[in-house]
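A structural walkthrough
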Amino acid sequence: ASPSPRPSAAHRARTNPRWSAARAIAQGTPSGTPKVSETSVFREMDGTFSKARLYRECALIVGPPGIGKTTGLQEMSRPYPSIILITATSANGAKTPFFRFLADHISERTIHFRRHDRQPLHDLFLRMGETLQEELPDFAIAADESQNIQPDATRLLLDLNEFFGVPILLVGNPHTLKSTKANQE
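Below is a short write-up of the structure.

Definitions and cut-offs
Residues numbered from 1 in each chain as written. Predicted model: local features only at pLDDT ≥ 70, side-chain atom pairs only at ≥ 80, totals over all residues. Heavy atoms only, no water. 1 Å grid on protein atoms, 1.4 Å probe; cavity = no way out; pocket = protein on both sides within 12 Å on 5 of 7 lines; lining within 4 Å. Points joined across faces, edges and corners; volume = space filled by probe spheres on them. Helix = DSSP H or I, 4+ residues; strand = E, 2+ residues; numbered from the N terminus. Nonpolar A, V, L, I, M, F, W, Y, C, P; charged D, E, K, R; others polar. Phe/Tyr/Trp six-rings, centres within 6.5 Å; stacked < 30°, edge-to-face > 60°. Buried < 20%, exposed > 50% of the residue type's maximum accessible area, 1.4 Å probe, protein only. Lys NZ or Arg CZ within 6 Å of the ring centre and 35° of its normal. Pairing = 2+ DSSP bridges. Axes fitted to C-alpha atoms, helices over the stretch in contact; angles between N-to-C directions. Contact = heavy atoms within 4.5 Å. Salt bridge = Lys/Arg side-chain N within 4 Å of Asp/Glu carboxyl O.

1. Description of empty space enclosed by the protein
Here the structure, examined in full by the defined rule, presents one cavity of 30 Å³ or more. Approximately 40 Å³ is the volume found for the largest cavity. Taken together, Asp46, Phe49, Ser50, Arg53, Met76 and Tyr80 make up the full set of residues lining the largest cavity. Of the residues forming the lining of the largest cavity, the biggest block, four residues, is contributed by helix α3 (residues 40-55). Considered class by class, the residues forming the lining of the largest cavity number three nonpolar, one polar and two charged.

2. Quick word on the packing of aromatic side chains
Scanning the entire structure with this criterion turns up one aromatic pair. Residues Phe125 and Phe164 carry aromatic rings whose centres are separated by 5.8 Å and whose planes lie at 65° to one another, so their mutual orientation is edge-to-face. Of the two residues, Phe125 sits in helix α6 (residues 121-135) while Phe164 sits in helix α7 (residues 151-164), which places them 39 residues apart along the sequence. Across the pair, exposure class does not vary: Phe125 and Phe164 are buried alike. Lying across the ring of Tyr80, Arg53 places its NZ or CZ 4.4 Å from the centre.

3. Some thoughts on the sheet that holds strand β1 (residues 58-62)
With parallel pairing, the four strands of this open sheet are ordered in space as β1-β4-β3-β2. Strands with a single pairing partner mark the edges of an open sheet, and in this sheet they are β1 and β2 (83-87). Strand-to-strand twist of the sheet, defined as the mean angle between neighbouring strand axes without regard to direction, takes the value 15°. The sheet contact formed by β1 and strand β4 (residues 168-172) spans five bridges and is parallel. By the bridge assignment for β4, Cys58 is matched with Ile168. Together, β2 and β3 (140-144) form the strand contacts of helix α5 (residues 95-107), whose direction differs from that of β2 by roughly 145°.

4. Focus: the pattern of salt bridges
The full count for this structure, using the stated rule, is three salt bridges. Here Arg155 and Asp159 are joined by a salt bridge, their closest N and O atoms 3.0 Å apart. Taken together, the positions of Arg155 and Asp159, both in helix α7 and four residues apart, correspond to about one turn of that helix. Overall, Asp159 belongs to the buried group, its relative accessible area being 14%. Between Arg155 and Glu162 there is a salt bridge, with the nearest N and O atoms lying 3.6 Å from each other. Accessibility expressed as a relative area gives 54% for Glu162, which makes it exposed.

Limitation: the analysis is restricted to geometry and does not speak to function.
This is how it looks when you write it as structure tokens:
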């Protein structure tokens, strides 16, 4: 007797309860591009980020691992070149590395903004904010895995919104709340 064939990825995604709340990746479109179907998680994230961009505010999306936050964020930002999507890691989550990392992403999209290695962080912050206002008025920042951003870097990121009106979306697991609470104290 031959072994039974292994279920397809689409079948496993449909039958796995963990994926029922997340965005399920289908087999693909004729062009070969994977098609991502919307779920309630994606619609909630999309609505939250759309409002943050419209009203030029900050938004926080928190959820357990595996529900589709990263996939949703990637799909939401794909059609908008004015959204910079960065993934925070333990290596770039501290204040200075995080802002230099962000500055490099901004310099790729602007004409006049360039980061200098020895530039003081305060000067870099002011130049970033001014550049975003002048050259990229529709610009927004989305930070995935934001629980890895240190509290002082989170504070500076939120200051970009407060002083320059840059919409900010922080996405991460429940530990993200600890970072934002530390900034309120």
